[in-house]
Amino acid sequence: MPVKFDSEFAMTIDGELVFSEKKIPVLNPATEEVVAHAPDCGAAQLDAAVRGARQAFNEWRSTSIEIRRKLLEQLATAILDHLDPLSKILTLEQGKALEASKAELLGSVDWIRKTASLELPQDVRQDSGSSAAIRHLPLGVVAGIPPWNYPVNLSAMKIAPALLTGNTLVLKPSPFTPLSMLKIGELARDIFPRGVFSVISGGDELGPLMTAHPGFDKISFTGSTATGRSVMRSAAPTLKRLTLELGGNDPAIVLPGVDVPAVAQTLFWCAFTNSGQICLATKRIYVHEDIYDTFMNVMVETAKAVKVGNGLAPETQLGPISNRPQFERVKALIKDSIDNGHEILAGGLPEQKNGYFIPITIVGNPPENSRIVQEEQFGPIIPVMKFTDVEDAIKRANALDVGLGAMVWGGDHDQAIAVGKRLEAGTVWVNQPPQLAASIPFGGFKQSGIGSEGGVEGLLAYTVTQSLWSKI
Ligand code: NAD
């Protein structure tokens, strides 16, 4: 059935379009006006989604992987065929510029396609006069819980591996950005057998209801470290499997010998793309003292030239912060820097007007123990610190209890690689900006997470291993 983009938003539960009496408003962060209402899934509707997913699992697990690949490919094509209306919804609910919404959707299509082409390892080992087939079987019913910064991309990173490996999935987008995924759920209704992929939406109570629900076998969660801890506690009674993709505070170290203006330009966008609301955005920059002034000049000049505005306006490069709680958090960090006398080289606190807009803010060499260095900002503000000795920069980069990504730039490639190897992060990029690929695992060290998404490692996270022995 063709999906209408001007109709009421509905959940897709066990192959049916489902509405709810209670609804949650979804605001446009650029105007603070209501874009639409999303259903507020109640406990009985959640039960129905889990029951449908359990029933569907019995058949889905035994379909061939080739059929699952084909259906995922159809989902990717359906998203591509509806690129324009989906991009518009994504911009209205999330705030990012329309071109950035398109890029997110295209990235999701690519991720689904490339994940669908991955293979699970097939291994037979012989020992002690027997042969054992090492089998990777689906876990069952998965709960997918993504955040609001890349609502479609981070959902695609759960949908493709969960379904390819033969699990069924109930996905719950963030209450701030449920709309684009609700429509993608509707598109999927014509593609997958009923119950294989449901999309539900609701307020703050729905996530905890899901993680405590005994009908789920795995939770794949992307969000903050604080929520990750609650998810882990909530999963304990039934020992649900977990993938936790959590917060970070990614450092970038810039060594002497680089093309300083070019690296400063690149790092500007590493910090500020999506208005800084990216888990792997650069969140602390350490620059060698010999090149610090030139580096800062380029950062500040670039900040002045960038257009921040409503994502639907053609000239907009960066949108607002996506929701009020995050807007207040980022403002509090800027205020803390101002109150502590840090050097604000660009931006600062926003003017009072509609929309969650924050100017691009650059803080010059704040002390290492300041909040803006120690805390994940997840917004358009970056601290840039000076260092003299590379050992000191490495120590400061590794000093936090999170370790998602890290970056090194250096004129001497071997030295940069050597520094990169010593950084405590799940992904390290050397002389290149952050990048993700469906074939390469991505996950956190320390309190940035447990497990990985992407690559064969990401697929295996949706499976349980069975060793099937037989005498030779
Ligand atoms: P969040 O933790 O507040 O929410 C994430 C999701 O969890 C949302 O869908 C929310 O509704 C749900 N949720 C909230 N409380 C819950 C609970 N108690 N039990 C179950 N579910 C619950 O995070 P956010 O503010 O949406 O996202 C920003 C954070 O996400 C940042 O810290 C960022 O670094 C992190 N993030 C990490 C990655 C990664 O891959 N590591 C990617 C993107 C964002």
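**Q** Help me understand the packing of aromatic side chains in this model?
**A** Ring pairs (aromatic) are described by centroid distance and by the angle formed between their planes. Scanning the entire structure with this criterion turns up six aromatic pairs. Arranged with centres 5.4 Å apart and planes meeting at 75 degrees, the rings of Trp148 and Phe378 form a pair that is edge-to-face. Note that Trp148 is positioned in the loop between strand 7 (141–145) and helix 5 (153–164) and Phe378 in the loop between helix 12 (371–374) and strand 16 (381–387), a separation of 230 residues in sequence. Note on Trp148: relative accessible area 12%, which makes it buried. Aromatic pair Phe192 and Phe197: ring centres 6.4 Å apart, planes at 85 degrees, arrangement edge-to-face. A relative accessible area of 6% means that Phe192 is categorised as buried. Judged by its relative accessible area of 5%, Phe197 is buried. Here the aromatic residues Trp60, Phe192 and Phe197 are joined through ring pairs into a cluster of three or more.

**Q** For this particular structure, what's the right way to read the environment of Thr427?
**A** Inspection of the secondary structure puts Thr427 in strand 19 (residues 427–430). A sequence separation of 13 residues divides Thr427 from Ile440, and the C-alpha atoms of the two residues are 9.8 Å apart. Apart from residues lying up to four places away in sequence, Thr427 is in contact with Leu404, Gly405, Ala406, Pro441, Phe442 and Gly443.

**Q** Just to check I follow, could you spell out the site of the ligand for this structure?
**A** Residues in close proximity to the ligand total 27 residues, the closest being Pro146, Ser224, Thr227, Leu246 and Glu376. Trp148 has a polar side-chain atom sitting 2.9 Å from an oxygen atom of the ligand. For the ligand, whose accessible area on its own is 850 Å², the fraction buried by protein is 87%. Broken down by secondary-structure element, the contributors of at least two residues to the shell around the ligand are helix 7 (206–212), strand 10 (218–222) and helix 8 (225–235). Take the shell around the ligand: its biggest share by element is three residues, from helix 7. Of the residues that constitute the shell around the ligand, the class distribution is 14 nonpolar, 10 polar and three charged.

**Q** Any chance you could explain the pattern of salt bridges here in plain terms?
**A** When their charged atoms lie close together, side chains carrying opposite charge are able to pair. Here the structure, examined in full by the defined rule, presents 26 salt bridges. Note that Asp40 and Lys22 form a salt bridge whose closest N and O atoms lie 3.7 Å from each other. Highlighted residues: Asp40 in the loop between strand 4 (34–39) and helix 1 (43–60) and Lys22 in the loop between strand 2 (16–18) and strand 3 (23–27), separated in sequence by 18 residues. For Asp40, a relative accessible area of 11% translates into the label buried. Lys22 sits in the exposed class, given a relative accessible area of 57%. Asp110 is the salt-bridge partner of Lys114, the closest N and O atoms lying 3.2 Å from each other. In this pair, Lys114 and Asp110 both sit in helix 4 (residues 98–116), four residues apart, roughly one turn of the helix. Residue class for Asp110 comes out partly exposed when judged on its relative accessible area of 37%. Because the salt bridges share partners, they merge into one network encompassing Glu32, Arg324, Glu328 and Lys331.

Calculation notes
- Residues numbered from 1 in each chain as written.
- Predicted model: local features only at pLDDT ≥ 70, side-chain atom pairs only at ≥ 80, totals over all residues.
- Heavy atoms only, no water.
- Phe/Tyr/Trp six-rings, centres within 6.5 Å; stacked < 30°, edge-to-face > 60°.
- Helix = DSSP H or I, 4+ residues; strand = E, 2+ residues; numbered from the N terminus.
- Buried < 20%, exposed > 50% of the residue type's maximum accessible area, 1.4 Å probe, protein only.
- Contact = heavy atoms within 4.5 Å.
- Near = heavy atom within 4 Å.
- Polar contact = N/O pair within 3.5 Å; in protein donor to acceptor, adjacent residues only side chain to side chain.
- Areas by Shrake-Rupley, 256 points an atom, 1.4 Å probe, with all protein chains shown as cover.
- Nonpolar A, V, L, I, M, F, W, Y, C, P; charged D, E, K, R; others polar.
- Salt bridge = Lys/Arg side-chain N within 4 Å of Asp/Glu carboxyl O.

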